[in-house]
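Architecture at a glance
Residues per chain, in single letters:
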Amino acid sequence: MATYSTGLVVTFDGTTFAEVSDLSWDYGGGPATGRATGTPVFKDSPGSLTLTAYGVAGMTTDTYGKFGVLSVTEGGAALTTNAVCEGLSVQCQVNGVTRYTMTFRFIA
């Protein structure tokens, strides 16, 4: 049975994002191999999250480069991890709405 992605709540460093419309995250990456033993030592990319919102709450350039706890609840996409904000994109549409997109990189 399908999971409805309604009621998404996303917070970063104590700020809740308003009117989240799209969210996607990937967790994990390829293992890096240790030189001496040939065994996996760490994940080279723990993952990332991208969210798009119609509300401006939390969507400012002041968030760029910040480290904090990123949390997603509801909508079947639960996640809590440490992350850094990698960027903000703003898309304006004439006679439409402005969409804000933020990208976060997970910190292992």
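See the structure above.
Now for a look at the structure at hand. (Residues numbered from 1 in each chain as written. Predicted model: local features only at pLDDT ≥ 70, side-chain atom pairs only at ≥ 80, totals over all residues. Heavy atoms only, no water.)

Within the fold, Leu51 resides in strand S6 (residues 47-53). For Leu51, a relative accessible area of 0% translates into the label buried. In this structure the C-alpha to C-alpha distance between Leu51 and Tyr100, which are 49 residues apart in sequence, comes to 8.2 Å. Beyond its immediate stretch of four places on either side in the chain, Leu51 contacts Val10, Phe17, Val20, Asp22, Leu23, Met59, Tyr100, Thr101, Met102 and Phe104. (Helix = DSSP H or I, 4+ residues; strand = E, 2+ residues; numbered from the N terminus. Buried < 20%, exposed > 50% of the residue type's maximum accessible area, 1.4 Å probe, protein only. Contact = heavy atoms within 4.5 Å.)

Once that is clear, we can look at the nonpolar core. Across soluble globular proteins, you tend to see nonpolar side chains buried next to one another. Core analysis: the largest hydrophobic core is formed by 19 residues, its most contacted members being Phe17, Leu49, Leu51, Leu70 and Phe104. Counting residues per element, the ones that place at least two in this core are strand S1 (9-12), S6, strand S7 (67-73), strand S8 (79-91) and strand S9 (99-106). Ranked by the residues each element gives to this core, the list is headed by S9, at four residues. Apart from residues lying up to four places away in sequence, Leu49 is in contact with Leu23, Ser24, Trp25, Leu70, Val72, Leu79, Met102, Thr103, Phe104 and Phe106. (Core = buried A, V, L, I, M, F, W, Y, C linked by side-chain atoms within 4.5 Å.)

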